[in-house]
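Here is what each chain is made of, one letter per residue.
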Amino acid sequence: MHHVVLDRWSRGNSPVHRRDPRAKILALAVFLIAVATAHRALLLLAPGLLLLLAATLIWARLPLAGVLARAAVVVPFAGVFALISGLAGDPARGLSLMAKSYLSALAVLVVGATTPLPALLRGFEMTGVPRFLLIVGQFLYRYLFVISEEAQHMRKAAAARGAAARDWMARDLRFRAAAGALGVLFARSHARAEDIHRAMLSRGFVGHFQPLEPIRFRRSDAAFAVLASLAPILVRIAVERAAR
Amino acid sequence: MTPLIEVRGLCFRYEDGTAALRGVDFRLDPGETVVLFGPNGSGKTTFVLHLNGLLSGEGTVRVCGLPVDKRNIPEIRRKVGIVFQDSDSQLFMPTVLEDVAFGLLNRGFDRAAAISRAQAALATVGMSAAASRAPYHLSAGEKKRVAVAGIVAMEPEVLVLDEPTASLDPPGQRSLAELVSHLPQAKILVTHDIPFALALCQRAVFFQGGVIAAEGTVEDIVSRFDWDFSFGGSKLRH
Amino acid sequence: MYTVHIPDGFLSTPVWVSLDAAAAPAVAWMSRRAQRGFDQAQAPLLGVMGAFVFAAQMVNFPVGAGTTGHLLGGALLAMTLGPVSASVVMTGILAIQALVFQDGGLLALGANVVNMAVLGVLAGYLPYALWGGTRWRKVSIFAGGALSVLVSAVLALSELLFSGVRMPASVLSVSLVLFLVSAVLEGAITLAVLESLERLQPRLVRQPEAGGSRAVGVVAVVAVLLASVGVLFASSAPDAIQQITHQSAAGTGTWLSKSGAGLAGIALIYGACLAIGRVASRNRSA
C-alpha cells in the first residue's frame, strides 16, 4: 500500500533525510508559493522546477521513476479539469492546472519521502500548528496500518459471502452487509482506542507526550533552508527574465 | 512475608450491569509465577485490570501492602506492569525506542537516563537492533518482545502477561517462554497455552463465572477441568 | 465516490490565502475544544477513529450499474463523537491525505478543511441536532450524511469557479447531478452504518442535543446557506462569476507583487495561529 512504501522511503539515510524537518517545511512552503503564484512562461518554468525536484530526489537516493510515478496520482483529477478548461476555450489554463498540481504534489512527496511522518509532524508543531491536532495525526498514522488490515480482512470476508449475486435484492443485501461490516469496524476501532488509553495509563501517562530526542537546528540545516528556498525563486526569476 | 498482591472479596460490575467478578480472593507471593486459566469471559482480564487500578470494584486489592486507591495509583502502576494481549494497542509510539522509553519519561527520568534504560531493556529481550524501527513493521513475535521491554524497563515487582502467546507461532511461543522464564519478577500469566504455562508456572487458578473455582498445580487444574485439547478428554479423537 | 480534494495549483492566490486564514483559527479553536472537557483518552480516540474513516474507504457499497461508493464519514463522526471532535478528526485526515497520499494540496489544505472538516461536518450534524430526538430521526441521519457531502462539494465547486477555472454550463450541471448522487449515497451509508452500530453498541451513538453550542449552530446554518447560494449562483450565472474573476485577474501585476501577497497571507495566518495558540495555552494553564 502507498503509505507503506512512503514509510520505507522516509526512513532512508541521505543528506536530505538528515535535515531538520523545519528546514524542509520552509523550503516546501516557498516552493509551493512560487508555483501557485506563477503565471508566465509556465512551459519553461515547469521543466525547470521539475529538474530541481528530480535533483533533490537523486541527492536523497530515492528511486526517481518510482517517486515521479507516485506524484501522478493528481493527474486524473487535474486531467479532467484540464480537459474541461480546454473545452471551455482556455487550454492554457488547462495546461497550467496540470503542471502546477503535479509539481506541487511532487514537492510534498519529496518532503514526505525524506522525512518520517512523526518527525514531520514535530516540525509542524514547532511552526505553531496545535499540538493536540498533531498528536491526533500521529495516532491516526500509526493506526492506519492496523485498522486498514482489519478492514481488508472484512472486505475479504464480505466478498466470500456471495458477492457474485447480481439482482436487486442481492444488491440490497450487499449494501447491508457492508454497513454491518463498518459497524463492527467502528466498534472495534473504538474498543482499540480504549485499550490504547489503558496501555498508556498503565505506563504512568501523565497527560502529555514527551519527545525523546530534541530536534536540533544545525548550521547545515540553516544552509539547506536558505539554499532550498532560494532555488525555486531563482529558477523562476531566470525563466521569467529569459521569456521576456 | 507480605504478599506482593492480596485480593479479598473483589466484585465488579460493568456499566451495562453484567457482573464480571463475584468475590475473588487471590494472593501472589514474591518469586511466584501463577497462571490464570478459565473460559473466555470468565473474568480473568477484568481481574487483571484491577491489579493496577485501571478498573476498581468492591473489595480490597493490596499491592505490596498498599491499598489500590487514587492516592497510591502512581506508585502501584510502577510496581505492577501489564503486558496487554494486543501488542498493537500497547505499542503506540512512532519508534520502538520511544515506545520503550514512554513509561520511563512519564516516571520523570531525564532523556539520557530514559534512553539508556530503554536500550538495556531492549537488550534484555533481544531487540536492540530494532530500536529505531516503527512498531508496525515488526512481526508479531518481535512486537511482543518490544511490549515486554516497555514494561520491564520500568522495573516492576510484578509482571502481568495477558494472553502473551495468542498471536505467536510455535517457535515464537517457545522463545517467549524462554525470555519470560529469565525475567526475575513475580508473574501472573493469563493464557490458554498449556505448554507455556507448564514451562513457567508453579501454581494455577481456574476462573469460572467471575470467581476462582479452583487452585492447584498446573497439571492438576488441567486434568480436573479437562482443559487440554491435545490429550485426555478431547472428544474429537474418538 | 465523488469528493473534491482540491489540489494545489487550482485555486487563485486570494482564494487559498483567505481560506487558509479562515481555517487556521477555526482549527485552533476546535482542537482546543475537543481536548478540553474530556480526559486524555481523546487523543488516541480521535486518531484511531480517523484511521477508521480511512480504512472504511476499502469497504465498497454497491450503487448499481457496476459502480460502488464508500463512506466519507464526516456526518457519521459528528453523530458519534460530536461535531467538534469530528471536525478535528476530519482535519487530521485531510492533513494526512495531503502529506502522505498527495490527495489534496497543502496550500489548498485550508480550503479543504473549511469545506469538509468544518462546514461539511457542521452541516452534517445540523439535521441530527434538530430532529435526531424526534420521530424524524432516521430522516435526519440520512439528511445529515447527504447535506455534509453536498455542502462540501458545492463549496469546493464555487471556490474553483471563483479561482477562474472555466466550466461550460453542461459540465456544471453534470457535476451538480453527481454531487446529488454522492450525497444520497452518503446519506444512505451513514444511516445504514449508524443503525448497525446502534444494534451492536448503542452507547457509541451520541444522543442529539439541540441545546448545544450556539456558535457551532450558527456556523452550521451559515454553511448550509452559503452552499445553497453557491448552487444558485453557479447554476444560474457561471459566466458572471467568470467575468468578475477575469476582471480582477486582468490587472495582473508583476509576479513579485503576487508572491508578496501570498507570503503576506502566509505570515498573517502564521501570526493568527501563534496568537491563538498563546491564548489557548494561557487558558489551559490558568
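Details of the structure are given in the entry above.
So, how was this worked out
- Residues numbered from 1 in each chain as written.
- Chains lettered and ligands numbered in written order.
- Predicted model: local features only at pLDDT ≥ 70, side-chain atom pairs only at ≥ 80, totals over all residues.
- Heavy atoms only, no water.
- Contact = heavy atoms within 4.5 Å.
- Buried area = accessible area lost by both parts, 1.4 Å probe.
- Salt bridge = Lys/Arg side-chain N within 4 Å of Asp/Glu carboxyl O.
- Polar contact = N/O pair within 3.5 Å; in protein donor to acceptor, adjacent residues only side chain to side chain.
- Helix = DSSP H or I, 4+ residues; strand = E, 2+ residues; numbered from the N terminus.
- Nonpolar A, V, L, I, M, F, W, Y, C, P; charged D, E, K, R; others polar.
- Expected span 1.5 Å × (residues − 1).
- Bend = angle between axes of the 7 residues up to and from the residue.
- Buried < 20%, exposed > 50% of the residue type's maximum accessible area, 1.4 Å probe, protein only.
- Pairing = 2+ DSSP bridges.
- Right-handed = clockwise from strand over helix to strand, strands pointing away.
- Axes fitted to C-alpha atoms, helices over the stretch in contact; angles between N-to-C directions.
- Parallel < 35°, antiparallel > 145°, perpendicular 65-115°, else oblique.
- Left-handed = near helix turned anticlockwise from the far one by under 90°.

1. So, the interface of chain C and chain A
Moving on, step 1. Contacts between the two partners involve 80 residues from chain C, matched on the other side by 76 residues from chain A.
Moving on, step 2. Across the chain C to chain A interface the summed buried area is about 6800 Å²; carbon plus sulfur atoms make up 80%.
Moving on, step 3. Applying the counting criterion to the chain C and chain A interface returns one salt bridge.
Moving on, step 4. For the salt bridge of R203 of chain C with E194 of chain A, the shortest nitrogen-to-oxygen distance reads 3.4 Å.
Moving on, step 5. Taken together, the connections running from chain C to chain A amount to four residue pairs in polar contact (both at pLDDT 80 or more).
Moving on, step 6. Only α1 (13–35), α2 (42–56), β1 (61–64), α3 (74–81), α4 (83–101), α7 (169–200) and α10 (255–285) of chain C provide two or more residues apiece to the side of chain C that touches chain A.
Moving on, step 7. At 14 residues, the largest contribution of residues to the side of chain C that touches chain A is made by α2 of chain C.
Moving on, step 8. Class assignment of the residues belonging to the side of chain C that touches chain A gives a composition of 55 nonpolar, 20 polar and five charged.

2. Focus: helix α9 (residues 131–160) of chain A
Moving on, step 1. Over its 30 residues, α9 of chain A runs 43 Å from end to end, which matches the ideal 44 Å to within 8%, given 1.5 Å per residue.
Moving on, step 2. At L144 of chain A, α9 of chain A shows its maximal bend, which comes to roughly 40°.

3. Looking at the pairing of strand β8 (residues 186–190) of chain B
Residue and element names in this part refer to chain B.
Moving on, step 1. For β8, the tally of buried residues reaches five of five residues, placing the bulk of the element in the interior.
Moving on, step 2. Where burial is concerned, the two faces of β8 agree: the one with A186, I188 and V190 and the one with K187 and L189 are both buried.
Moving on, step 3. Summarising the sheet, strand β3 (residues 33–37) and β8 pair through four bridges and their orientation is parallel. Considered in β8, the bridge of L36 is made with V190.
Moving on, step 4. In this fold, the crossover linking strand β7 (residues 158–162) to β8 by way of helix α7 (residues 170–182) has right-handed handedness.

4. Considerations on the packing of α3 of chain C against α4 of chain C
Two measures define how a pair of helices packs: the angle their axes make with one another and the distance between the axes.
All names here are of chain C.
Moving on, step 1. With their axes 7 Å apart at the nearest point, α3 and α4 run at an angle of 135° to one another. Judged on the interaxial angle alone, α4 and α3 are oblique. α4 is crossed by α3, and the crossing has right-handed handedness. Contacts between α3 and α4 involve G74, L77, A78 and L81 on the former and, on the latter, P83, S85, A86, V89 and M90.
Moving on, step 2. Here the residues of the contact of α3 with α4 are counted per class, giving seven nonpolar, two polar and no charged.

Worth remembering: the numbers are spatial, not functional.
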